[in-house]
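Coordinate analysis (summary)
Residues per chain are reported as follows:
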Amino acid sequence: MNNKLIIAFLCFSLFGYSQKKASKKAVAIKPKAEFVADLMAKMTIDEKIGQLNLPTSGDITTGAANSSNVAKNIEEGKVGGLFNIKSAQKIREVQKVAVEKSRLKIPLLFGMDVIHGYETTFPIPLGLSCTWDMNLIERSAQIAAQEASADGINWTFSPMVDISRDPRWGRVSEGSGEDAYLGSQIAKAMVNGYQQDDLSKNNSILSCVKHFALYGASEAGRDYNTVDMSRIKMYNEYFPPYKAAVDAGAGSVMASFNEIDGIPATGNKWLMTDVLRKEWGFKGFVVTDYTGIPEMMAHGMGDLQTVSALALNAGIEMDMVGEGFLTTLKKSLAENKVTVEQIDNAVRLILNAKYDLGLFQDPYKYCDVKRAKTEVFTTSNRLEARNIAAQSLVLLKNEKQLLPLKKSGTIAVIGPLADAKENMAGTWSVATNMDKSISLIAGIKEVAANANVLYAKGSNLDYDAAFEEKATMFGKTLHRDDRTKEALLAEALKIASQSDVIVAALGESAEMSGESSSRTNIEIPQAQKDLLQELLKTGKPVVLVLFTGRPLVLVQENETVPAILNTWFAGSEAGTAIADVLFGNENPSGKLTTTFPRSVGQVPIYYSHKNTGRPLGNKEGNFEKFKSNYIDERNEPLYPFGFGLSYTTFSYSNLKISSEKMNFNDKINVSVDVTNTGNYDGKEVVQLYLRDVVGSVTRPVKELKGFQKIALKKGEKQTVTFEISVEDLKFYNSDLEFVAETGQFEAFIGGSSDTENKVGFELNK
Ligand code: BGC
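What you see is a predicted model; the values in this text were computed from it and never measured. (Residues numbered from 1 in each chain as written. Predicted model: local features only at pLDDT ≥ 70, side-chain atom pairs only at ≥ 80, totals over all residues. Heavy atoms only, no water.)

**Side note on the overall build of the protein chain**
Tallying secondary structure elements over the protein chain gives 23 helices and 26 strands in all. For the protein chain, whose C-alpha radius of gyration is 27 Å, the value lies close to the compact-globule estimate of 27 Å for 765 residues. Across its three principal directions, the C-alpha atoms of the protein chain cover 75 × 70 × 45 Å. Every one of the 765 residues in the protein chain was classed for burial, and the buried ones make up 61%. (Helix = DSSP H or I, 4+ residues; strand = E, 2+ residues; numbered from the N terminus. Rg over C-alpha atoms; globule rule 2.2 N^0.38 Å. Buried < 20%, exposed > 50% of the residue type's maximum accessible area, 1.4 Å probe, protein only.)

Here it is as C-alpha cells:
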C-alpha cells in the first residue's frame with residue numbers, strides 16, 4: 001500500500017468514532033513503578049511484544065518498507081507507537097482506537113522527525129549550529145516542541161548529534177558539524193528545549209538522540225556505509241555529543257544504521273548495553289532506525305528471527321517499521337533465544353516514557369485541536385525564526401565592503417534558488433509549510449521595498465534533468481525551465497545589464513543534502529558555475545547568496561566573486577532573514593562549524609587533527625618532500641572551522657593568563673581584549689582552543705574548549721575571560737580512562753580555529 005492509501009485506510013477504519021468529545025480530564029494515578037508493574041501484570045506476551053512495535057503511518061517514508069495493518073494492529077494491542085502522522089485531529093482519532101478499542105487501553109506514542117522546527121521551520125541543524133548561540137538553539141527546539149505538541153506529537157526524533165567530517169555525506173546538514181565540544185553543548189541545548197526538564201507539561205515532548213553511534217563516519221561519505229573506528233577515537237571525538245544528550249536527560253536514543261566493530265549498531269551489545277546503559281547510566285528506551293532490524297539480514301547477520309533476537313539481546317527496546325520483534329520474538333522466547341525478563345524490561349521502559357509524558361492520565365493531552373489552530377506557525381514564532389535564521393548565515397567574503405547593499409537602485413536577483421520557496425526549509429522538514437516559506441526574491445522585495453528588484457532564473461539547478469529530479473524530491477521542486485541554456489542566460493544578462501548590483505542565488509537544492517544524498521563532487525553544479533562566471537563578466541558587482549546543506553568546494557567562487565554569503569537552508573523565513581543581512585538590518589555573526597575544503601581530495605578534513613611525525617614546516621603551504629602534504633594541493637582548507645566575517649572588524653589583543661602553572665585542584669583564567677574596530681555594531685564568537693603538547697597518546701593540534709558570543713558596539717572593547725579547570729584538560733587515554741596528564745599546554749583565543757594567538761601553561765600534580 002502506498003502512503004496515501006494507508007492514511008485513507010486509517011481514516012476509513014476509524015470513521016464513526018466521534019471527534020467531538022473534549023479531552024478526558026487528567027486522572028490521578030499510582031506512582032510510576034507501581035502503575036507500570038500493575039499494568040504489566042495484566043499483559044499477555046503478545047501485548048507486551050506489541051508495545052515494542054513502532055510502525056509508520058505511511059505519511060512519510062524513508063525506506064523501501066511501509067507498515068501494514070496498522071489500524072487492526074492497534075486494536076489488537078500490537079502497536080506501541082506510531083510515527084510521521086500529522087495533525088492533532090488525525091492523531092486524536094488513532095489514539096482513540098488505542099484507548100477505546102484495545103483490550104488494555106494503552107495509549108500510543110506519536111513520533112515525528114521534528115528536526116529543525118515544526119511548521120515554523122528554523123535553519124537546517126548545520127546552519128543553526130553556526131549561530132553558536134545556545135539560547136537561540138534551545139529556543140528553536142522549544143518552539144518546535146510547542147508547535148508539535150499542539151498538533152498531536154509527543155516524541156521527536158531529534159537531536160541528530162552525529163559528528164561528521166565528511167562533506168560528501170548528505171546528512172552533515174542534519175547535525176552540528178565536526179566538533180565534539182560544540183556538538184555536546186548543542187545536544188544539551190536541544191534536549192532541554194524539547195523536554196524542558198518536565199515531560200508532564202503539555203508543551204514539552206520526548207526527545208530521541210540519534211543516530212547512536214558514529215553514523216557520520218560512514219566510509220567515503222556514502223550513506224549507510226561501513227564505519228570502522230578505533231575506540232579511543234570514538235570516546236574522544238565522536239561519543240561526547242551522544243553522552244551530553246543522555247546526561248541532559250534525553251528520554252530515548254535511536255540506533256544508527258552502520259556497523260561498529262563489525263556488528264551493526266542495532267545488534268551491538270557493547271554499544272547499547274555496556275556503553276549506553278552501564279557506563280553512561282541511560283534510563284530511557286532505545287528505538288531502532290527505520291527497518292534497522294531487518295536490515296541486519298543484508299548486513300549478513302542472519303534471518304529475521306536471528307537478527308530480532310540479536311537486537312533485543314543487544315539492548316534495543318523498540319523496533320521501528322521492521323516488525324521483526326512483532327513477528328519473531330514469541331518464537332525466540334519459546335526457543336530460549338531471548339528471555340521474558342528482556343521483553344519485560346523493554347516494555348517497562350516504553351511504558352515508563354508514556355507515564356512520564358502523562359499519557360496514562362490523559363491520552364489526548366497533545367490532541368487539543370484548539371491549540372493546533374492557535375499555536376502553530378504563529379506570527380511570533382515566525383518572527384523568532386526570522387531572527388534565528390539571520391544569526392545562522394555565514395559571511396565568507398566581502399571585498400571592498402560590497403555588503404551591506406543599499407535598499408535602493410536596481411537589483412538583479414538571478415539564479416535557480418532565487419524564487420524557490422519550496423526549497424527554503426531544507427532537508428528533513430516534514431511538517432514545514434512549504435507554500436508559505438519566504439523565497440529570497442520575496443524577502444528582498446519586502447526588506448528593500450523601495451528598490452527596483454528584477455528577477456531571472458538564469459539557469460536550471462544543473463544541465464542534467466535526471467539529476468534535478470533526484471535532487472528535488474518530496475515536493476521540493478525547482479520548477480525546471482524547459483528553455484535552452486542560451487535563452488535562460490540571455491534573459492539573465494539582460495536584467496543584469498539594467499541593474500546596479502547582481503545577487504546570484506546559487507548552490508544546492510534542499511534535497512541535494514540530507515538522507516541518501518551523498519555526493520562525490522561537492523561543488524556548485526556546473527550549470528550554475530557557468531552562469532556565475534557569465535554574470536561576473538558583465539563587470540557589475542556580484543553577491544553570491546549561497547544555498548547549501550554541506551560544506552562545498554568554492555575555490556573558483558572565492559577567487560572570482562567579491563562577496564559570498566552562505567545561507568545554508570535558513571527555514572520558513574529564509575528570504576526575509578537573508579534580506580535582513582544583505583541590506584544591513586542585521587550584521588552577520590555566524591561562524592562555520594565545519595571546515596570548507598579546497599578540494600574533495602582533502603576529505604576528511606577538520607581543524608582538530610593530529611600533528612603526524614612529519615608535519616609541514618611552513619605556514620605558506622609550500623610543498624615539502626617527505627612531509628605530510630599533497631603534491632597537487634595545500635593542506636589548509638579554504639575556510640576553517642570557526643571562521644565567519646562580519647560587516648565590522650574585531651581585533652584581539654592583550655592575551656593574558658592568570659598563572660602559568662596550575663595543579664589538579666586549581667582553576668586558571670585566560671583572557672583577551674576584543675575590540676570592534678570597524679564601522680558597525682556587531683557580534684563576535686570568541687573561541688578558546690587548548691593543545692595538550694605532550695601526552696601518553698597523540699593529541700590534536702587544537703581542541704575547542706570554550707566560546708562566548710559577545711555583542712560589541714562600534715569602537716567598543718571588552719575583556720573576555722575563560723576559566724580553565726582540570727576537567728577541560730581531560731581525555732580518554734589508551735585504556736579508555738578519562739584523565740588529565742601533567743605537562744605543557746597551550747591556550748589559544750581567537751575568532752577562528754586558525755588563530756595563532758596563544759599562551760602556555762603547565763599542569764602539575
Ligand atoms: C532516518 C532517521 C529518521 C527515521 C524516521 C530514517 O530513515 O535515518 O533519522 O528519524 O527515518 O523517519
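**So, the packing of aromatic side chains**
Enumeration over the complete set of coordinates arrives at 28 aromatic pairs. Note on F35 and F360: the rings are 4.7 Å apart at their centroids and 55° apart in plane angle, and the pair reads as tilted. One end of the pair, F35, is in helix α2 (residues 32-42); the other, F360, is in the loop between α15 (340-356) and α16 (369-375), and 325 residues separate them in sequence. Of the two residues, F35 and F360, both sit in the buried class. Summarising the aromatic geometry, the rings of F239 and W280 are spaced 5.5 Å apart at their centres and angled 90° between planes, so their arrangement reads as edge-to-face. (Phe/Tyr/Trp six-rings, centres within 6.5 Å; stacked < 30°, edge-to-face > 60°.)

**Brief notes about the pairing of strand β26 (residues 758-764)**
A one-sided burial pattern is seen for β26, the buried positions being V759, F761 and L763 and the unburied ones K758, G760, E762 and N764. Note that strand β18 (residues 661-663) and β26 share three bridges and pair parallel. Each bridged residue has a counterpart across the sheet, and for N663 the counterpart in β26 is N764. (Pairing = 2+ DSSP bridges.)

**As for the UniProt feature "domain: Fibronectin type III-like" (unreviewed entry) in the protein chain**
Following the UniProt record, the feature "domain: Fibronectin type III-like" (unreviewed entry) maps to residues 684-753 here. The annotated region residues 684-753 carries 0% helix and 57% strand content, and the separation between its end C-alpha atoms amounts to 14 Å. (UniProt positions renumbered as here; feature names shortened; annotations may be inferred.)

**Regarding the nonpolar core**
W155, F212, F239 and F285 are the most contacted members of the largest nonpolar core, which totals 83 residues. Apart from residues no more than four positions distant in its own chain, F239 is found in contact with F212, A213, L214, M234, W270, L271, V275 and W280. Grouped together as the second largest cluster of nonpolar side chains are 78 residues, L393, M424, A451 and L461 included. (Core = buried A, V, L, I, M, F, W, Y, C linked by side-chain atoms within 4.5 Å. Contact = heavy atoms within 4.5 Å.)

**A look at the packing of helix α17 (residues 379-392) against helix α23 (residues 574-582)**
Contact pair α17 / α23: the axes reach a minimum separation of 8 Å and the direction vectors enclose 50°. Taken together, the axes of α17 and α23 lie oblique to each other. Like other packed secondary-structure pairs, α17 and α23 cross with a definite hand, here right-handed. For the pair formed by α17 and α23, the contact residues are R386, A389 and A390 on the first element and T576, A577, D580 and V581 on the second. (Axes fitted to C-alpha atoms, helices over the stretch in contact; angles between N-to-C directions. Parallel < 35°, antiparallel > 145°, perpendicular 65-115°, else oblique. Left-handed = near helix turned anticlockwise from the far one by under 90°.)

**Re the sheet that holds strand β22 (residues 717-725)**
Pairing is antiparallel across the open sheet formed by three strands, whose spatial order is β17-β19-β22. Of all the strands in the sheet, just β17 (650-657) and β22 have a single pairing partner and so form its edges. Along the sheet, successive strands turn relative to each other by an average axial angle of 20°, direction set aside. Pairing geometry for strand β19 (residues 667-676) and β22, over nine bridges, is antiparallel.

**So, the sheet that holds strand β21 (residues 703-712)**
The strand order β18-β26-β25-β20-β21 describes an open sheet built from five strands, whose pairing is mixed. The open sheet has two free edges, formed respectively by β18 and β21, since each of these has just one partner strand. Averaged over all pairs of adjacent strands, the angle between strand axes in this sheet comes to 25°, irrespective of strand direction. Direction of pairing for strand β20 (residues 682-692) relative to β21: antiparallel, over a ladder of nine bridges.

**Here we look at the side chain of E746**
Inspection of the secondary structure puts E746 in strand β25 (residues 743-750). A polar atom in the side chain of E746 sits 3.3 Å from the side chain of K758. Look past the residues within four positions of E746 in its chain and what remains in contact with it is Y689, L690, R691, V693, K758, V759, G760 and F761. (Polar contact = N/O pair within 3.5 Å; in protein donor to acceptor, adjacent residues only side chain to side chain.)

**Quick notes on the layout of surface pockets**
For the largest pocket, the calculated volume is near 1,200 Å³. Y607, H609, N635, E636 and V701 are, among the 34 residues lining the largest pocket, the residues nearest its centre. Residue lining of the second largest pocket: 29 residues in total, with Y181, S184, P240, K705 and F738 positioned closest to the centre. With five residues, helix α8 (residues 180-195) is the single largest residue contributor to the lining of the second largest pocket. (1 Å grid on protein atoms, 1.4 Å probe; cavity = no way out; pocket = protein on both sides within 12 Å on 5 of 7 lines; lining within 4 Å. Points joined across faces, edges and corners; volume = space filled by probe spheres on them.)

**Some words on the pattern of salt bridges**
Per the stated rule, a full pass over the model turns up 45 salt bridges. R171 is paired through a salt bridge with E515; the nearest N and O atoms lie 3.5 Å apart. One end of the pair, R171, is in the loop between β4 (155-156) and α8; the other, E515, is in the loop between β14 (501-507) and α21 (526-537), and 344 residues separate them in sequence. A relative accessible area of 15% means that E515 is categorised as buried. R386 serves as the salt-bridge partner of E446, at 3.4 Å between the closest nitrogen and oxygen. Of this pair, E446 sits in helix α18 (residues 440-447) while R386 sits in helix α17, and the two are 60 residues apart along the sequence. (Salt bridge = Lys/Arg side-chain N within 4 Å of Asp/Glu carboxyl O.)

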